[in-house]
Amino acid sequence: MTISPADSDNYQQCPLEGIITLRSLNLYYTGFHALKEVNGAFQQQAITALIGPSGCGKSTLLRVLNRMNDLIEGVQITGEVIIDGENIYAPGTDLIQLRKKVGMVFQRPNPFPLSIYDNVVYGPRLHGRPPRRELENLMEHSLAAVQLWDEVKDRLKASALALTEEQQQRLCIARLLAVEPEILLMDEPCSALDPLATLRLEELMRELKKLYTIIIVTHNMQQAARVSDDTGFMYLGELVEFGETGQIFTRPKDVRTEDYITGKYG
Amino acid sequence: MDRGKFVERVLFLLALSSISSLVIITIFIFEEGLPLIFHTGLKDFIFSSHWAPTKGHFGIAAMIISSILVTLGAMVLGVPLGLACAIVLAEFCSERLRGLLKPTLELLAGIPSVVYGFLGVIWLVPLIRNYLGGPGLSLLAAAVILGIMILPTVISISIDALTAVPDVYRDGSIALGATQWQTVHRVVLPAASSGIITAVILGMGRAVGETMAVIMVAGNALKIPTSILDPVRTLTSNIALELGYAAGRHREALFATGIVLFVIIMILNLSATLLARRK
Ligand SMILES: Nc1ncnc2c1ncn2[C@@H]1O[C@H](COP(=O)(O)OP(=O)(O)OP(=O)(O)O)[C@@H](O)[C@H]1O
Ligand SMILES: [Mg+2]
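It should be emphasised that the depicted structure is a prediction, and the values quoted were computed from it without experimental measurement.

Re the interface of chain B and chain A
Part 1 of the argument: Between chain B and chain A, the contact holds 17 residues from the first and 23 residues from the second.
Part 2 of the argument: For the pair chain B and chain A, the two sides together bury roughly 1,600 Å², of which 69% comes from carbon and sulfur.
Part 3 of the argument: Per-residue buried area on chain B facing chain A is highest for A175, L176 and R186 of chain B; these three make up 38% of the total on that side.
Part 4 of the argument: On the surface where chain B and chain A come into contact, there are zero salt bridges.
Part 5 of the argument: Listed by contribution, the elements that provide at least two residues to the side of chain B that touches chain A are α8 (167-175) and α9 (180-191) of chain B.
Part 6 of the argument: Broken down by element, the residue count for the side of chain B that touches chain A peaks at seven residues, all from α8 of chain B.

Description of a nonpolar patch on the surface
All names here are of chain B.
Part 1 of the argument: Together, I111, V114, V115, F118, L119, V121, I122, W123 and M212 line one region of the surface with nonpolar side chains, adding up to about 770 Å² of accessible area.
Part 2 of the argument: For the nonpolar patch, the leading source of residues is helix α5 (residues 113-131), giving seven residues.
Part 3 of the argument: You can see V114 is positioned in helix α5.
Part 4 of the argument: For V114, a relative accessible area of 39% corresponds to the partly exposed category.

Considerations on the environment of I19 of chain A
Residue and element names in this part refer to chain A.
Part 1 of the argument: Within the secondary structure layout, I19 lies in the loop between α1 (5-10) and β1 (20-29).
Part 2 of the argument: What makes I19 buried here is its relative accessible area of 6%.
Part 3 of the argument: Through-space distance from the C-alpha of I19 to that of D118 is 31 Å; in sequence the pair is 99 residues apart.
Part 4 of the argument: In this view, I19 contacts F42, Q43, Q44, I82, I83, D84, E182, I183 and T213; residues no more than four positions away in its chain are not counted.

Structural notes on the sheet that holds strand β9 (residues 230-235) of chain A
All names here are of chain A.
Part 1 of the argument: Spatial ordering of the open sheet is given by β6-β7-β8-β3-β9-β10, a layout of six strands whose pairing is mixed. Only two strands of the sheet have a single partner each, and these edge strands are β6 (102-105) and β10 (238-244). Direction aside, the axes of adjacent strands within the sheet are offset by 20 degrees on average.
Part 2 of the argument: Relative to strand β8 (residues 213-217), strand β3 (residues 47-51) runs parallel, the two sharing four bridges. For T48, the partnering residue across the bridge sits in β8 and is I215.
Part 3 of the argument: Contacting β6 and β7 (183-187), helix α8 (residues 165-177) crosses the sheet at an angle of about 170 degrees to β6.

Examining the pattern of salt bridges
Part 1 of the argument: If you walk through the whole model with that rule in mind, you get 23 salt bridges over all chains.
Part 2 of the argument: Residue E165 of chain A is joined to R108 of chain A by a salt bridge in which the shortest nitrogen-to-oxygen separation is 3.1 Å. In this pair, E165 of chain A sits in helix α8 while R108 of chain A sits in the loop between β6 and α4 (116-120), placing the two residues 57 residues apart along the sequence.
Part 3 of the argument: According to the relative accessible area criterion, E165 of chain A is partly exposed, its value standing at 32%.
Part 4 of the argument: Since its relative accessible area comes to 51%, R108 of chain A is described here as exposed.
Part 5 of the argument: A salt bridge links D230 of chain B to K223 of chain B; its shortest N-O distance comes to 3.4 Å.
Part 6 of the argument: Residue classification places D230 of chain B among the buried residues on the basis of a relative accessible area of 13%.
Part 7 of the argument: We classify K223 of chain B as partly exposed; its relative accessible area is 39%.
Part 8 of the argument: Through salt bridges that share partners, E166, R170 and R200 of chain A make up one connected network.

Some words on the confidence of the model for chain A
Part 1 of the argument: Across chain A, the average pLDDT comes to 90, with 93% of residues at or above 70.
Part 2 of the argument: Segment residues 1-12 of chain A: pLDDT under 50, and 14 contacts once partners within four positions in sequence are set aside and those in other chains are kept.

Some points on the packing of aromatic side chains
Aromatic ring pairs are described here by two measures, namely the spacing of the ring centres and the angle between the planes.
Residues and elements named next belong to chain A.
Part 1 of the argument: Summed over all chains, the structure comprises seven aromatic pairs over all chains.
Part 2 of the argument: When the centroid spacing of 5.5 Å and the interplanar angle of 35 degrees are considered together, the rings of F42 and F242 count as tilted. Note that F42 is positioned in strand β2 (residues 32-42) and F242 in strand β10, a separation of 200 residues in sequence. When sorted by exposure, F42 lands in the same class as F242, which is buried.
Part 3 of the argument: Geometrically, the ring pair formed by F112 and Y122 is tilted, given 4.5 Å between the ring centres and 50 degrees between the ring planes. Taken as a pair, F112 in the loop between β6 and α4 and Y122 in helix α5 (residues 122-126) lie far apart in primary sequence, 10 residues in all. In this pair, the class of F112 matches that of Y122, namely buried.
Part 4 of the argument: These aromatic residues form a ring-pair network of at least three members: F233, Y235 and Y260.

Re the confidence of the model for chain B
Part 1 of the argument: For chain B, per-residue confidence averages 93 on the pLDDT scale, and 99% of positions sit at 70 or higher.
Part 2 of the argument: Across the assembled chains, the prediction reports ipTM 0.88 with pTM 0.85.

Quick look at unusual backbone geometry
Residues and elements named next belong to chain A.
Part 1 of the argument: Phi is positive for D84, which is not a glycine, with a value near 50 degrees.
Part 2 of the argument: Mapped onto the elements, D84 comes out in the loop between β4 (75-83) and β5 (86-87).
Part 3 of the argument: With relative accessibility at 37%, the residue D84 sits in the partly exposed group.
Part 4 of the argument: You will see that E180, though not glycine, has its phi angle at about 55 degrees, which is positive.
Part 5 of the argument: In this structure, E180 sits in the loop between α8 and β7.

Analysis parameters
Residues numbered from 1 in each chain as written. Chains lettered and ligands numbered in written order. Predicted model: local features only at pLDDT ≥ 70, side-chain atom pairs only at ≥ 80, totals over all residues. Heavy atoms only, no water. Contact = heavy atoms within 4.5 Å. Buried area = accessible area lost by both parts, 1.4 Å probe. Salt bridge = Lys/Arg side-chain N within 4 Å of Asp/Glu carboxyl O. Helix = DSSP H or I, 4+ residues; strand = E, 2+ residues; numbered from the N terminus. Patch = residues over 30% accessible without salt bridge, like charges linked within 9 Å, V, L, I, M, F, W, Y side chains within 5 Å. Areas by Shrake-Rupley, 256 points an atom, 1.4 Å probe, with all protein chains shown as cover. Buried < 20%, exposed > 50% of the residue type's maximum accessible area, 1.4 Å probe, protein only. Pairing = 2+ DSSP bridges. Axes fitted to C-alpha atoms, helices over the stretch in contact; angles between N-to-C directions. pLDDT = per-residue confidence, 0-100. Phe/Tyr/Trp six-rings, centres within 6.5 Å; stacked < 30°, edge-to-face > 60°.

As structure tokens, then:
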């Protein structure tokens, strides 16, 4: 794969503005520099994939976006993360509103050990006391949006833990949709699923993209190539290259990106 | 026979002897106590409150009721306090502080019960007598002392139950915009509920069985209490107080009381084990 110099001169590597804009973001875990001068912009109603070898900081970057890193002792962050025009690390940021707006799907499905119904209405109940009618509508919509409604509508009171892993992951997404977020962060959401379930979940992501902005971390490059619009390649805490997915996979500019996507390192 | 095998045999025999002592104690209590239950009839023994062993009346209802009330009182005081302590230690304080506080609380379990009783007599009993009335030696005093004595059991088992709840549940809840308290209340506590119930049941077992501290502060009067300020005599107190001079049927009646206690404790422990296994 060769890179034509003319191309790389013209190409705007990082768009300057997006629904999420990162400016000189640095993150330290008690001394360990885990994210280094990350700049980037993620587009609205698009799927952005973050790829890179294990330990390069993908999950860390994802957790920066809804401030889940605040739960870890000894984390220090500098720089700006601007979502919808506001720096979410500015003092006085309302974390609850932020996390409602920027939801997260985890690597292993983590439905609460409650009923299917209670899982889906968990978020709405946190943020108010919606009447039962409204809750039930919301629940049906959320479950339908992840194509789970028909499978579970007869056993809403059953434990969520009795579902298959795929159903559980869908339920976790439904649980998120019920709080009406704008941005969905997904950290290797398919890693516990078999290949067919993975394909179905990717289909779902493409569907959800129409309404939501999605950022997905994945180890699976085919997956990044299949579902994402933009891709960021991370290496040792740096966002080495960021651009349109087709370009990253066919004409990477950085030799490290090229080495990674051609499989030179894991 | 090599050395390893020999040590193994010895350990096995030692283990066997501790189990057999349980069996022997069980057989002994039942052998000594059952004849009286057959003699008076189970119904009269348990449901009559007329206890006059020298005159041939063996009804332990008053003591059963007292034991139940003292235990319930201890639970009402000790469980919320213990659970609150466990939640704070497990969920809201730093690793370092927990490492310091948890062993300290477990030290409470190492204080001899006679010391609790002593403190009860010199502090609590006068306090109750002066501010609430009555003789001071009372159901309330016993409940308060027992409530404190069950704290280490309730706290340390509840902490274990809470820390066993996987962090992915907490993360999932926080990521939906829950506060830390909402997370504890709506996800962590329900997930830890069987462990917490186990903690409560084992605490209850401790309260039912405790004797020394109760004798010292409860007043030991032989009647069904009508107020929390009344003195009461529990099942265990009665055995300890009377065994020294009891003979014949009277002695059997005390062993029969032991059977009742034994059955209560067995039921409590069994349900704790079953609950723990359900998880
Ligand atoms: N809580 C933490 N404390 C200290 N260091 C951490 C912590 N979490 C992650 N790290 C370190 O930060 C770096 C980035 O971790 P991160 O989990 O973001 O990587 P990742 O790209 O998601 O890896 P993977 O593909 O294996 O999930 C790693 O070197 C990791 O060891
Ligand atoms: Mg990761």
